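Spelled out from the first residue to the last, the chains are:
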Amino acid sequence: MTNSRDLKAQTESLVGRLRRRQVTGSFSVSLATAFLLRSVISTTRWTDVDTLIKLVKNVGRKLVQAQPSELAVGNIVRHVLRVIRDASNDEATEASFMEHAEDKNLFTSQSHSVFKQSTSLLDYSAKDSSARSAGFYTSSSSMINLLGDNGLRQPPNIIQEINEMINELENMYVNIWDQAMEHIHTNEIIMTLGSSKTVEGFLKAAAKKRKFSVVVAETSPRYLGHDLALSLCQVGIDTTVISDSAIFAVMSRVNKVILGTHAVLANGGLIAISGTRLMAAAAKHHSTPVVVCMGLYKLSPLFLYDEDSFNDLESPENVLSFDEGDLVDKATILNPYYDYVSPELVDLYITNTGGHPPSYLYRLINENYDPEDTVI
Amino acid sequence: MVKDAHTVECVNEAIDDNHLWYLAYGSNMNKKTFQGLRKIVPLQHKAVTVPEYWLSLDMMGSPYIEPCFASIVKRTRQNITEGYAREIHLRCKAGTLFKWNPDNPEESLPPTLHGVAYLITKEQFKRILMTEGGWGYDDFPAGYSVIDVECKTCDAEKIVAKTLIARPASVKIGCQASERYLNLMREGAKEFGFDPTYQKYLFDLQPYRPDTQSHGVKSVKQLLAQDGALPSTKGVPLKEEIQERASLQNLIGWLPYAKKMPAEAIENRVHSDNMALKPSRKNLEPETILKAVVLADSFNERFRPLTFDKPRCLLPLCNTPLLEYTLEFLAVAGVQEVVLLCKNHPEQIKNYVRSSKWNRPYSPLKIITIVTPTALSVGDALREVDNRHLISSDFILVSGDVVSNVQLDKALELHRARKATDKDSIMTMVLKEASPFHRTRALGESSIFVIDEKTSECLYYDSLKLFPRKRRMVMSMEVFDKHSNVQIRNDLIDCQIDICSVEVPALFSDNYDWQEIRQDFVYGILTTEFPKKTIYSHVVKDSYAARVRSLQTYNAISKDMLSRWTYPIVPDSNLQEGDSYKYLRGHIYKEQDVILSRSCVLGENVQIGSGSEIGENVKINNSVIGRRVQIGANVTIEGSHIWDDVKISAGCTISNSILAAGVQLEENVAVQEDCLLSYYVVVGPDVTLPPHTKLTRHTESMTATQDKKESLDHDYDQTLIGVNGKGNIWEDTELFVDDQDFRNAQIASLAYDLSTVTLTDSGSEASVISGSSISDDDDYGDTNSTENFSREVEQTLDRAFNENHSVEIAALELNTLRMATNTTFHDLRTVVIPSILDLVKIEKLNESVKEVLNKWGPLIGKLILSEADQVDALNVSQGHCAKKDCDPKLLFWTIRLLYEQDIIEEDAILEWYNSENARGAGRPDIYGQLRDSLTPFVRWLQEAEEETEDEASGDET
């Protein structure tokens, strides 16, 4: 059933689409990655967990390299790896018990009592670190042969976990939006920029019950702020669009800054649409709280070593039209898509699992990713 | 009407031929399903148990929606081993914990099958068979098959019932049924009052958790029907699309026998996995296959001598072959099949395609390489396409050197929409807006498009060459009668991306004299009445499109790419497999394994390929460095393109030039503007290549088809290219033979500086250097090229003076310059003589003149070939001295010294002295005065001549 060529085709197709930017945006990218990894795991033959991890890592590496600026790809891969590792650890405990049972069954006559013994062993081995490394699928490949099966087995737990993860991804927005009431209060003035679906929904969720105003910076040169403002207006939120240069001036009247982000790095720094840093810095100056809304899949265990490394420079077309032939020759125009916002400028991260202060991010990272997988 | 199963009386066993017992064990146990969905009302029903059978959940279903359906499994052995138990466990209750008690193996097995026996008619049974996903094929190894089983009612009564069992091929071990399906069974079991243990067993079964709610049956049906949508041809796929695709692919994975099924058997045409992923969609209409015709050859020779060794489309631009950009562009546009027409070096192109990522099974497009060795133009190539019947639907016609990020989908859509309404519309030209003198425009190859603003129909087309400048354009007045809103545009970059109808190649076949797609085809279609066809244009504003037509555009596009105008086609997108470019601040693109010395300075817009080593104090600006390039210390590279495997020794300077792969520069070589060093040329040490030098290892007479090795050992011009040099000057003979204006070729050169050209009409009236009119040709009066030339000459001379070159080298440089710019010796003299005379210091005239002319007089001599030239030189000197209002003695000394050096002979002096020109007819008095100042010298000359004549005659007598 396994058709490694199909799998390769699927992988390469996604790699191609990532590279050509036919699939963009953290959310769609992570869904696509999750779906691909699920079919990798469900359709490939593998006999032990190490092979599976290697396999997933290989696919993951290709995807990450195809579009290094989409950090969510790597995050999903790491999370899936974590799921596999956890599942294998769980299975390992069961395995050690099965192994015992089987061995004793074959070689001793007092099988019943031994079985009893090994049941109690189960409890211990759950915490036994040596059992962790054993791995169910490593130790019991013989068992598969016993089934008379040709090795085509579903790893139900892993697939189930991945399905759960996909589920969680899909419900992520709602989970974030549900928290809106805790953060936005009546008569507040909220400032934001860009056009993040998370923030948009967050504001709209709050607007269902409370009345507040939103100031949207237009976010040149893409003017995504215009889109956001339009959408907010349509649900009856009192919205003001300001030019980016007015951010600092208006900041003194703002109660809260709510930001979307492209990715969050291990130190809590944001990779967010350009202009975010300006807004965050202005907020810092006025001691306005800065709240970042993000799905957990945007949290990356990577650190930034160079401010440009996760950035993406777009065509300068938006800044200066290519038609201006003479200027094009003489001027160097940079049009970075993202800003790096250092963690000290952020006060709170609202994820689908709740709000977390910057100091808590390391725990989220440890919960979601295995340290061994930081480098895919 | 539901009776409690326990109270059902013993039924009449006498079943006639028309009735039979049917055992239901899955969802059919549920009244809702059986009576509601399947519309079967049984005569009787009984709760029964079926010994020696178990309920299994191993009949394959549709992934995610209904992973599996119920089936039954017969107990095949009495003596239960653990393996058997485990297998049964996986088949029946996957997802629950398997317990194995060796003492009581039965414990691990599921309970005996419980079910409902229905008494139904044969008709009804047929309907069950039809609706029960059995596909109704007996010879087909999947689905359900019918067997007879013996059931026991609660009264221990025996009934033989027909039931369905999954065929082995449909069995998928380890599945879990959906919650919905399990619930149907649970409800049914409850309804018929099954044994509580059995009910509990059903309740303990673990349902499969579908991952998303959106996976409705509908979406799956849709996706099955439209599986051809893989891979996405549209921009960003929707979330749903991703999911659909994922589930489709899963489905394919789940149905291993799918490809063996007869197509009709599968309700929704599940394609074989191969077909779903490769773009060979046999089941789709032919219109949906988007084809492209790529012209790998440009049918001109602008890239010679480079194209002796490599076809143009494989020349690297930013270290990636040009063809790669075109193919990438087509892949993004959703093209599935590419017909690649190549003429020169077809083997290289084929090899490249074969080893590229496009030849992988997962490649989004399929490339068919066609060799057309006889084609001499685009027209010939398209006629070949027509002859071979390669095209059966609309296609995109591009040349293999297009760099573009234009999204073609909108243009395609418009083109198709137009075709639906206007049958005569045969072509849509994709054009990009840009200012007329944009660097990325191929200078001298612009065009005028007359476009109807509303319909964007192209009404008239005319090509424009820079030289001779076109001053008028003739078009029919009808255009204005028929169309109210007409745009005449000169601001469009035409990179010849055309969406063509099938008729286009045929039209080329009909008109045998059409060569070019624009000048002949578009012009022809638009100006002739027959055939009545229309051509449309699609103007794109905010994306990038350009064609590498000449060295000038090569340079410009490379710059655009480095400064990211072509985004997302930028070096750090790593188009080719194995590329690893990373972006660094300041538009620096560096691949892995680059060794930079500590003191080297990388300026803006620099790209460096892997394996390159950059030495100490190297300065690189606006340049592309290939892979495995070695650059020694103190090298300066400015605006140049250094291809792979080039070796540059210490102290070299390179500006605005191309060094092809394998070139070696020995120490202290200076490569000046617009040089082109073709493959494996060696230069140096210690030479300066004058601007516009083109070097190749081939001899001039050689054509591309000959074997290059024969010519490699050959006497090279060592004064030019150095002691160790290997390479010949390549003269662009084509340019002069061809009827086109050579200046058009000149501006296509690499370093042609746009800023020095003022392309306004007023330029043609400006004056000419040295007062002497060069030519009466109006266009030639364009001062710029002359000024440019004289500046070049002056620079060359300055270098010669400052660096104290030998006269031979200076003469050689000047000569090269002269040939490169196609000027005459007269032009050279008008610049050289004044420059030399300028060196003379007025204060110490006598010594100074002697010094200067002793050194540089021979240079003037090198520029003088005949007596007429001598006279001309005298005229020039006179003109110079007249202008400078310097010491009148300067002219005297100059002429005298040149005479002494035998550069100018007395006959020439006399001829000049007596000519009208020298007397200064119609010129300021100073000319006459200057001439007069020479009178004593001339008299002396005459006397000397007479003396020698006397002597000679005396001797004779």
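Right, let's walk through the structure included here. Just so you know, these numbers come straight off a predicted model, no measurement behind them.

This brings us to the nonpolar core. Ranked by internal contacts, the top residues of the largest apolar core, which has 62 residues, are A:Ile41, A:Val56, A:Val80, A:Ile84, A:Ile158, A:Leu203 and A:Ile258. The element that contributes the greatest number of residues to this core is helix α2 (residues 26-43) of chain A, accounting for 10 residues. When residues are assigned to domains, this core turns out to be shared by domain 1 (4-171) and domain 2 (178-373) of chain A, each giving three or more. In contact with A:Leu203, not counting residues within four places along its chain, are A:Ile184, A:Ile190, A:Thr192, A:Phe212, A:Val214, A:Leu232, A:Ile237 and A:Ile258. In terms of nonpolar packing, the next biggest core, distinct from the first, is built from 57 residues, B:Met29, B:Tyr84, B:Ala117 and B:Tyr201 among them.

This next bit is on the pattern of salt bridges. Tallying each qualifying case throughout the model produces 34 salt bridges over all chains. For B:Arg383, the salt bridge identified is with B:Asp380, shortest N-O distance 3.0 Å. Placement of both B:Arg383 and B:Asp380 in helix α11 (residues 378-387) is noted, with a separation of 3 residues, approximately one turn of the helix. Among the residues examined, B:Arg383 registers a relative accessible area of 3% and is labelled buried. Taking the shortest distance from any N to any O, the salt bridge between B:Arg829 and B:Asp869 comes out at 3.3 Å. Residue B:Arg829 is found in helix α22 (residues 825-838), and its partner B:Asp869 is found in helix α24 (residues 867-884); the two are separated by 40 residues along the sequence. This pair shows no difference in class: B:Arg829 is buried, exactly as B:Asp869 is. Members of the salt-bridge network, linked through shared partners, are A:Lys57, A:Arg85, A:Asp370, A:Glu372 and A:Asp373.

Residues and elements named next belong to chain A. Examined bridge by bridge, strand β2 (residues 213-217) and strand β3 (residues 238-242) share 5 bridges and lie parallel to one another. Paired with Ser-213 across the two strands is Asp-238, which belongs to β3. Where the polypeptide runs from β2 across helix α12 (residues 224-234) and back to β3, its parallel neighbour, the crossover connection is right-handed.

Taken residue by residue, a regular strand's side chains alternate between the two faces of the sheet. Residues and elements named next belong to chain A. Burial of strand β7 (residues 290-293) is two-sided: the residues Val-290 and Val-292 facing one way and the residues Val-291 and Cys-293 facing the other way are all buried. For strand β4 (residues 256-259) and β7, the ladder comprises 3 bridges, and the chain directions are parallel. Following the sheet pairing, Leu-259 is matched in β7 by Val-292. Relative to strand β9 (residues 348-351), β7 is paired through 3 bridges, and the arrangement is parallel. Each residue of the ladder has a partner; that of Val-292, found in β9, is Tyr-349.

Residues B:Met477, B:Phe480 and B:Ile488 make up a contiguous nonpolar surface patch of about 320 Å² in total accessible area. With respect to the secondary-structure elements, B:Met477 resides in the loop between β16 (457-464) and α13 (478-482).

Moving on, we come to the sheet that holds β2(A). Residues and elements named next belong to chain A. Here we have 7 strands laid out as an open sheet, ordered β3-β2-β1-β4-β7-β9-β10, and mixed in their pairing. Whereas interior strands pair on both sides, the edge strands pair on one side only; in this sheet they are β3 and β10 (354-356). In this sheet, adjacent strand axes meet at a mean angle of 25° when their direction is disregarded. This element, α12, spans β1 (189-193), β2 and β3 of the sheet and lies at about 160° to β2.

Attention now moves to the packing of helix α21 (residues 807-821) of chain B against helix α23 (residues 845-862) of chain B. Residue and element names in this part refer to chain B. Between α21 and α23, the shortest axis-to-axis distance is 9 Å and the interhelical angle comes to 35°. You can see that α21 and α23 cross each other, and the crossing is right-handed. Residue-level contacts link Val-807, Glu-808, Ala-810, Ala-811 and Leu-814 of α21 to Lys-855, Trp-856, Pro-858, Leu-859 and Lys-862 of α23. Grouping the amino acids of the contact of α21 with α23 by side-chain chemistry returns 7 nonpolar, no polar and 3 charged.

Calculation criteria
Residues numbered from 1 in each chain as written. Chains lettered and ligands numbered in written order. Predicted model: local features only at pLDDT ≥ 70, side-chain atom pairs only at ≥ 80, totals over all residues. Heavy atoms only, no water. Core = buried A, V, L, I, M, F, W, Y, C linked by side-chain atoms within 4.5 Å. Buried < 20%, exposed > 50% of the residue type's maximum accessible area, 1.4 Å probe, protein only. Helix = DSSP H or I, 4+ residues; strand = E, 2+ residues; numbered from the N terminus. Domains from an automatic or database assignment. Contact = heavy atoms within 4.5 Å. Salt bridge = Lys/Arg side-chain N within 4 Å of Asp/Glu carboxyl O. Pairing = 2+ DSSP bridges. Right-handed = clockwise from strand over helix to strand, strands pointing away. Patch = residues over 30% accessible without salt bridge, like charges linked within 9 Å, V, L, I, M, F, W, Y side chains within 5 Å. Areas by Shrake-Rupley, 256 points an atom, 1.4 Å probe, with all protein chains shown as cover. Axes fitted to C-alpha atoms, helices over the stretch in contact; angles between N-to-C directions. Left-handed = near helix turned anticlockwise from the far one by under 90°. Nonpolar A, V, L, I, M, F, W, Y, C, P; charged D, E, K, R; others polar.

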